[in-house]
Amino acid sequence: IALLLKKLGKEEAFLHFIKKLEKQFPDNADIYNNLGIYEKEKGYINNSIVFYEKALKLSPDNACYNANSANAYRLAGEPNTSQKLFEKAISLDPFNSEYQFNLSLLYLLRGMFDKGWEMYRSRFNVKQAKTIKKNISSSKKPVWNGESLKGKSLLVYFEQGIGDTIQFLRYLPWVAKQAKNVSFFCSDDLMPVVEYNAKSLMIKTIPKGIFNTHDFD
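Residue positions are given per chain, counting from 1 as you read along its sequence in written order. With the structure being a predicted model, the display of local features is reserved for residues of pLDDT at least 70 and the display and counting of side-chain atom pairs for 80 or more, all residues being used for whole-chain, interface and lining totals. Side-chain numbers come from the whole structure's heavy atoms, not from hydrogens or water.

A. Structural context of the overall build of the protein chain. The helix and strand labels rest on DSSP assignments: H or I over at least four residues marks a helix, E over at least two residues marks a strand, and numbering proceeds from the N terminus. The secondary structure content of the protein chain amounts to 13 helices and 3 strands. It only takes one pair of heavy atoms within 4.5 Å for two residues to be counted as in contact. Residue pairs in contact within the protein chain that sit at least 24 positions apart in sequence constitute 49% of those at least 6 positions apart.

The following block contains the structure:
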């Protein structure tokens, strides 16, 4: 009922109900976890940590509680604690792509690039990227993993937001020098910018939804 009230936007009723539950069931870790989620969503990170710690004290081997706490510690600027909690969450739930993806970002933030980039592959399995993975898989073409591109045609597929895409466009000429040709599958919003710079980027642009996988290796 408490979670339903929260979902319906009845914040005061939610807090009244869950605080009542907290008094009735002081040993229920789920209650503290949900309070932690609420405080984090409101931007009260330190408060959320207090509740997550209570949940973990009652249930230290719950992967979800460890991951939630890890996220809060990351936002609080405590990467060491965050990393330990993420690693424990993954040890408890090793196939959870969300945990892996979040830890990969933390590794990269901390300059642990080997671990970070390797684990960053998990991004294709998180909910937000399922469409991208489906599009790539349906092409039945191999993903480039750094092998020689000599004589080959490469399709580069955008997967992040506009800012990240612009940031990494600078690497396209480096890739283009190694391949027979490089085409960039671009978002509609960014297409004018990419088309304007296509010559200097040494690429061809492909409008969204218009490409033939037979044209690429």
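Read on for the rest.
B. Examining the nonpolar core more closely. Core analysis: the largest hydrophobic core is formed by 27 residues, its most contacted members being Phe-86, Tyr-99 and Leu-103. Every element with two or more residues in this core is listed here: α2 (11–24), α3 (29–41), α4 (45–58), α5 (63–75), α6 (79–92) and α7 (97–109). What Phe-86 contacts, discounting residues up to four positions off in sequence, is Ala-67, Ala-70, Asn-71, Tyr-99, Asn-102, Leu-103 and Leu-106. Here, the term nonpolar core denotes a set of buried Ala, Val, Leu, Ile, Met, Phe, Trp, Tyr and Cys residues that are joined through side-chain atoms within 4.5 Å. The rule is simple: take the accessible area with a 1.4 Å probe, protein chains only, and divide by the maximum for that residue type; under 20% is buried, over 50% is exposed, in between is partly exposed. Residues Leu-172, Ala-179, Phe-184 and Met-191 belong to the second largest nonpolar core, which totals 18 residues.

C. View of the packing of α3 against α5. Note on method: axes are straight lines fitted to C-alpha atoms, helices fitted across the in-contact stretch only, with angles between N-to-C directions ranging 0 to 180 degrees. Their axes nearest at 11 Å, the elements α3 and α5 cross at an angle of 30 degrees. Comparing the axis directions of α3 and α5 gives the class roughly parallel. Here α3 and α5 pass one another in a crossing that is left-handed. Mapping the contact onto sequence places Ala-29, Asp-30, Asn-33, Ile-37 and Lys-40 in α3 and Cys-64, Tyr-65, Asn-68, Asn-71 and Leu-75 in α5. In terms of residue class, the contact of α3 with α5 is made up of 5 nonpolar, 3 polar and 2 charged. Just so you know how the angles are binned, under 35 degrees is roughly parallel, over 145 roughly antiparallel, 65 to 115 roughly perpendicular, and the rest oblique. Two helices cross in a left-handed way if the nearer one is turned anticlockwise from the farther one by less than a right angle. They cross in a right-handed way if the turn is clockwise. Residue polarity follows a fixed list, in which Ala, Val, Leu, Ile, Met, Phe, Trp, Tyr, Cys and Pro are nonpolar, Asp, Glu, Lys and Arg are charged, and the others, Gly among them, are polar.

D. Quick look at the packing of aromatic side chains. Pairing of aromatic rings covers Phe, Tyr and Trp, the last through its six-membered ring, and needs centres within 6.5 Å; plane angles under 30 degrees mean stacked, over 60 mean edge-to-face, and all others mean tilted. What the rule picks out here adds up to 3 aromatic pairs. With 5.6 Å between their ring centres and 85 degrees between their planes, Trp-117 and Tyr-120 make a pair best called edge-to-face. The class of Trp-117 is partly exposed, set by a relative accessible area of 45%. With 5.9 Å between their ring centres and 35 degrees between their planes, Phe-168 and Tyr-171 make a pair best called tilted. Within the aromatic cluster, the residues linked to one another by ring pairs are Phe-101, Trp-117 and Tyr-120.

E. Structural context of the pattern of salt bridges. We define a salt bridge as a side-chain nitrogen of Lys or Arg found within 4 Å of a carboxyl oxygen belonging to Asp or Glu. For the coordinates displayed, the defined rule picks out 2 salt bridges. The partner of Asp-61 in a salt bridge is Lys-88, and the shortest N-O contact between them spans 3.5 Å. Linking Asp-61 in the loop between α4 and α5 with Lys-88 in helix α6, this pair joins segments that are 27 residues apart in sequence. For Lys-88, a relative accessible area of 32% corresponds to the partly exposed category. In this structure, Arg-121 engages Glu-118 in a salt bridge whose closest nitrogen and oxygen atoms are separated by 3.8 Å. The class of Arg-121 is partly exposed, set by a relative accessible area of 44%.

F. Region of the structure containing the packing of α5 against α6. Closest axis-to-axis distance for the α5/α6 pair is 8 Å, and the angle between their directions is 160 degrees. Here α5 lies roughly antiparallel to α6, going by the angle between them. Seen from above, α5 lies across α6 with left-handed handedness. Contacts between α5 and α6 pair Ala-63, Asn-66, Ala-67, Ser-69, Ala-70, Asn-71, Tyr-73 and Arg-74 from the former with Thr-81, Ser-82, Leu-85, Phe-86, Lys-88, Ala-89 and Leu-92 from the latter.

None of this, on its own, says anything about what the molecule does.
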